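Each chain, letter by letter, is given below.
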Amino acid sequence: FSGDAEKIAACNARVKELSDFVQSLRDARVDGRLSFLAVLRAMGETVPEGMTEAEAAAVFVQKAGKFDALLAEWRQALAQRPWDFAGFDLVRGSLPLTLEMGISQLTGALTEAAWLTGDATAARGHWNTLLATAEQMAEPPGLLTLLVQSRGLNDAAATFQAGIAMGAWTDAELAALPDT
C-alpha cells in the first residue's frame, strides 16, 4: 500500500501545483476577456509599463509550459473510451475533481492566449480539450459532479464569448459548433 500512497501523493502534488497556478486566473476577466496583464500581476510577476495583452499572453503561455506533459497525458486519457485515467497513477475512480477543474481553467486561458498571440491552431486544440474536459466532467452522476460540470461549462462559455469578442471564430467554425 505504500507504493499506492506515494503515487497518490505525487498526483496530489501535481494537482496542487496546477490549482495554485490557475488561482491567478480568478477575477482576471475584464469586459468578458481574460486580462493576461492582470494574470501576470496575480502571479507576482513584474509587468513592464507598455506591455500589451498579447505580450502578456505569450508570457503566460511560456509559464504554462510546465504543464505541457500533464496536458498531453490528459488529452491521451480523454481520447480513450471509456475514460481511462490510469496514467494519473490513481486508484481507478478517485481522480480528483480539482484536476478536471484546473485543466478546464488552464485550457480556457490557453485558448484565449493563443487567440491573442495569433496561434489559431493552438487555440483550436486547447478549445477541443476544454470541451472534451467539460464532457468528461459530466460522466459520473451526483450533485458534486453537476456543480463541477457547471464550472467547466462556465469556463467554456467564457472562453467562447472571449473568442467572439476577439473575432477569433470564423463563420464556418461557428456553424460547425454543436447545438448543445
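In case you missed it, the structure is sitting above this.
Below is a summary of the structure that appears in this document.

Calculation notes
Residues numbered from 1 in each chain as written. Predicted model: local features only at pLDDT ≥ 70, side-chain atom pairs only at ≥ 80, totals over all residues. Heavy atoms only, no water. Core = buried A, V, L, I, M, F, W, Y, C linked by side-chain atoms within 4.5 Å. Buried < 20%, exposed > 50% of the residue type's maximum accessible area, 1.4 Å probe, protein only. Helix = DSSP H or I, 4+ residues; strand = E, 2+ residues; numbered from the N terminus. Contact = heavy atoms within 4.5 Å. Salt bridge = Lys/Arg side-chain N within 4 Å of Asp/Glu carboxyl O. Arc of directions from axis to C-beta.

**Describing the nonpolar core**
In step 1: In this structure, Leu 18, Phe 60 and Leu 106 are the most contacted members of the largest nonpolar core, which totals 29 residues.
In step 2: With six residues, helix α5 (residues 97-117) is the single largest residue contributor to this core.
In step 3: Every residue in contact with Leu 18, bar those within four places of it in the chain, is listed here: Phe 67, Leu 70, Leu 99, Gly 102, Ile 103 and Leu 106.
In step 4: Core analysis: the next-biggest nonpolar cluster, separate from the first, contains eight residues, Ala 114, Ala 123, Trp 127 and Ala 156 among them.

**Examining the pattern of salt bridges**
In step 1: Under the counting rule described, the total for this entry stands at six salt bridges.
In step 2: Across the pair Asp 20 and Lys 16 runs a salt bridge whose closest N-O atoms are separated by 2.9 Å. Pair noted here: Asp 20 and Lys 16 are both in helix α1 (residues 2-22), with a separation of four residues, about one helical turn.
In step 3: Under the relative-accessibility criterion, Asp 20 is labelled partly exposed at 45%.
In step 4: Between Glu 173 and Arg 124 there is a salt bridge whose closest N-O contact spans 2.5 Å. Here the residue Glu 173 occupies a position in helix α8 (residues 171-176), and Arg 124 occupies one in helix α6 (residues 120-137), the gap between them amounting to 49 residues.

**Side note on helix α4 (residues 68-78)**
In step 1: Those residues of α4 not exposed but buried are Leu 70, Leu 71, Trp 74, Ala 77 and Leu 78. Mapping the buried residues of α4 onto a view down its axis gives an arc of 120°, with all of them on the same face. With respect to the buried face of α4, the exposed residues turned more than 90 degrees away are Ala 69 and Gln 76.

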